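Structural characterization, general
One-letter residues, chain by chain:
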Amino acid sequence: MATRTIGDARFNHGAQYFTARSDAFRDEVNAWVEAGLVRKWTGRVVRIARQQIESCDDGRELYVGVGGMSAVPKHLVKGLDYHSGKTIARAERGNSLWSLFDDRGRLFGQAESLVLAMPAPQAIALLGEADDVARRLEDVEMDPTWALMITRATPQQIPFDAAHIEHDAVAWMMRSVEGENSWVVHATHAWSRKNLTRDPRSAAYALLAYVSDATGLDFARSGAVQAHRWRFAIPTEARPFEPPVVVDSERRLALCGDWCVRGRVESAYQSGVAAADAIARVTLSD
Ligand SMILES: Cc1cc2nc3c(=O)[nH]c(=O)nc-3n(C[C@H](O)[C@H](O)[C@H](O)COP(=O)(O)OP(=O)(O)OC[C@H]3O[C@@H](n4cnc5c(N)ncnc54)[C@H](O)[C@@H]3O)c2cc1C
């Protein structure tokens, strides 16, 4: 749930909206709406195939963060001792404590319990491939997504706010903020995989040309463009772990993330709640 600013334009370049299907998550989202963190999004969604634009309202309620999707995680970490912008390279369990080491090998911190809330391949990298729990995640695959951000798009009047696109290179686009002409475009997983190591600038201009090709609208002379590579964007398959968390009670370790269910904000939430439950149970049983 990331938000980035380019000039005066704001982009949700990861998840651009989310849905709430289960009663428990709907209750949580209603509380977020009341707190002014999220709101319903009511733009026009279309489907585009061979440059033909058709309406496609499937009746789902879509939610967006107020002031950007990052409003939600920012709210969730309030009151916690929270550090960002720090890469942890290794997690090791000693006799009774976990130790975290940063990417320069320095001890970052120690704790009795550890929750890794991140894509499965990144959790494996922290624990080491030989770790018993890491081995349970070996076959969780994640698809990459290149995201393109476009400011001041050249087509002045675009007759939709979001589009599902049938095209080899681009799959989805959505206005970054209602009423503004800035867009986030997601590449298809196939194109993203094939172009995974491409330089972001070259990926941005390639995708800009593909958006014009896919929609029949001319984006070539838009303002600034930037591309972001999500290396582990979405779990390749829905793979419900039941409950949606991987736990090692003896070492007080829980691994969670959307990949325990499927690639949705709601799945990440459900998995996070299951991880919190698991750690609370281990802690209380001592
Ligand atoms: C392009 C894209 C489009 C999406 N569209 C939608 C959508 O339309 N609807 C929807 O519901 N969901 C969508 N999602 C999915 C949604 O964003 C995810 O389901 C959700 O963010 C997963 O949350 P998570 O906590 O499991 O993992 P993440 O959001 O991936 O968070 C993991 C965190 O761990 C950090 N981290 C990883 N390794 C380390 C390390 N070694 N040291 C320190 N920090 C580390 C990362 O920086 C990151 O902040 C989309 C995702 C992407 C990428």
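Residues numbered from 1 in each chain as written. Predicted model: local features only at pLDDT ≥ 70, side-chain atom pairs only at ≥ 80, totals over all residues.

Side note on the overall build of the protein chain
The line we're drawing: A run of H or I in DSSP becomes a helix once it reaches four residues, and a run of E becomes a strand once it reaches two; helices and strands are each numbered from the N terminus. Only C-alpha atoms enter the radius of gyration, while the globule expectation follows 2.2 Å times N to the 0.38, with N the number of residues. Once C-beta atoms are placed from the backbone, each residue is buried if 20 or more other C-beta atoms lie within 10 Å of its own, exposed if 12 or fewer, and partly exposed for counts between those two. We call two residues in contact when the distance between their C-beta atoms, placed using the backbone, is within 7 Å.
Within the protein chain, the regular secondary structure consists of seven helices and 17 strands. By the compact-globule yardstick of 19 Å for 286 residues, the protein chain fits well, its C-alpha radius of gyration being 20 Å. Taken over 286 residues, the protein chain has a buried fraction of 33%. Sequence separation of 24 or more characterises 63% of the internal contacts of the protein chain that already satisfy a separation of 6 or more.

With respect to the nonpolar core
Within soluble globular proteins, side chains that are nonpolar tend to cluster in buried spots. Which entries qualify depends on this criterion: A set of buried Ala, Val, Leu, Ile, Met, Phe, Trp, Tyr and Cys residues, joined through C-beta atoms within 7 Å, is what we mean by a nonpolar core.
Counting residues in hydrophobic clusters, the biggest one holds 31 residues, and the most contacted among them are Leu148, Ile150, Val170, Met173, Val185, Leu207 and Val211. Of all elements in the fold, only β4 (45-49), β11 (142-150), β12 (162-166), β13 (170-175), β14 (183-187), α6 (200-215) and β15 (225-235) reach the threshold of two or more residues within this core. In terms of residues, this core owes the most to one element, α6, which gives seven residues. Contact partners of Ile150, with chain neighbours within four places excluded, come to Ser182, Trp183, Val185, Leu208, Phe219, Ser222 and Val225. Counting 26 residues, the second largest nonpolar core, distinct from the first, contains Ala120, Ala134, Leu255 and Ala274.

What to know about the environment of Val133
For Val133, the location among the structural elements is in helix α4 (residues 132-135). For Val133, a count of 17 C-beta atoms within 10 Å corresponds to the partly exposed category. Each C-alpha atom, one on Val133 and one on Tyr82, is 26 Å from the other, the two residues being 51 residues apart in sequence. Contact partners of Val133, with chain neighbours within four places excluded, come to Leu127, Val246, Asp248, Leu253 and Leu255.

Section: the sheet that holds β12
Our working definition: DSSP bridges decide pairing: two strands pair if at least two such bridges lie between them. Lines fitted to the C-alpha atoms define the axes, with helices restricted to the stretch that makes contact. Angles between their N-to-C directions range from 0 to 180 degrees.
Pairing is mixed in the open sheet, where seven strands are placed in the order β5-β4-β12-β13-β14-β11-β15. In this open sheet, the two strands that pair with only one neighbour each are β5 (52-55) and β15. In this sheet, neighbouring strand axes are inclined to one another by 20° on average, regardless of whether the strands run parallel or antiparallel. Of the strands in this sheet, β4, β11, β12, β13, β14 and β15 are in contact with α6, which crosses β15 at around 90°.

Comments concerning the domain arrangement of the protein chain
Here is the rule: Note that the domain bounds reflect an automated or database-derived domain assignment.
Parsing the protein chain into structural domains produces domain 1 (4-74 + 142-235) and domain 2 (83-140 + 238-284). Just the C-alpha atoms count here: the centres of domain 1 and domain 2 sit 29 Å apart. Each partner contributes to the interface: domain 1 provides 12 residues, whereas domain 2 provides 15 residues. Listing elements by their share of the side of domain 1 that touches domain 2, those giving two or more residues are α1 (23-34) and β15. A per-element tally of the side of domain 1 that touches domain 2 places β15 first, with three residues.

Thoughts on the site of the ligand
Counted only if it meets this: Only the C-beta atom matters for this test: placed from the backbone, it must lie within 6 Å of a molecule or strand for the residue to be near it. Any residue that is not Ala, Val, Leu, Ile, Met, Phe, Trp, Tyr, Cys, Pro, Asp, Glu, Lys or Arg is counted as polar, Gly included; the first ten are nonpolar and the last four charged.
Residues in close proximity to the ligand total 26 residues, the closest being Ala15, Ala233, Gly257, Asp258 and Ala268. Of the residues assigned to the shell around the ligand, the class counts are 15 nonpolar, nine polar and two charged. Each of two domains, domain 1 (4-74 + 142-235) and domain 2 (83-140 + 238-284), supplies a minimum of three residues to the shell around the ligand.

Thoughts on the sheet that holds strand β10 (residues 114-117)
With mixed pairing, the three strands of this open sheet are ordered in space as β10-β17-β16. Whereas interior strands pair on both sides, the edge strands pair on one side only; in this sheet they are β10 and β16 (246-248). Averaged over all pairs of adjacent strands, the angle between their axes in this sheet comes to 10°, without regard to strand direction. Contacts between helix α7 (residues 265-284) and the sheet are confined to β10, β16 and β17 (253-256), with β17 contributing the most and set at about 170° to the helix.

Remarks on unusual backbone geometry
Glu242 connects to Pro243 through a cis peptide bond whose omega is -5°. Its place among the elements puts Pro243 in the loop between β15 and β16. Even without being a glycine, Arg50 presents a positive backbone phi close to 45°. Along the chain, Arg50 falls in the loop between β4 and β5. On the basis of neighbour counts, which here come to 8 C-beta atoms within 10 Å, the residue Arg50 falls in the exposed class.

What about α7?
Formally: For a helix, the expected span equals 1.5 Å multiplied by the number of residues minus one.
Spanning 20 residues, α7 covers 28 Å between terminal C-alpha atoms, matching the ideal 28 Å at 1.5 Å per step. Of the positions making up α7, those classed as buried are Val265, Glu266, Ser267, Ala268, Tyr269, Gln270, Ser271, Gly272, Ala274, Ala275, Ala278 and Ile279. Its buried side turned inward, α7 meets α1, β10, β16 and β17.

Considering the environment of Ile48
Within the fold, Ile48 resides in strand β4. Here the alpha-carbon distance between Ile48 and Tyr17, two residues 31 residues apart in the chain, equals 19 Å. Those residues in contact with Ile48 that sit more than four places away from it in its chain are Ile53, Ala163, Ile165, Glu166, Ala214 and Thr215.

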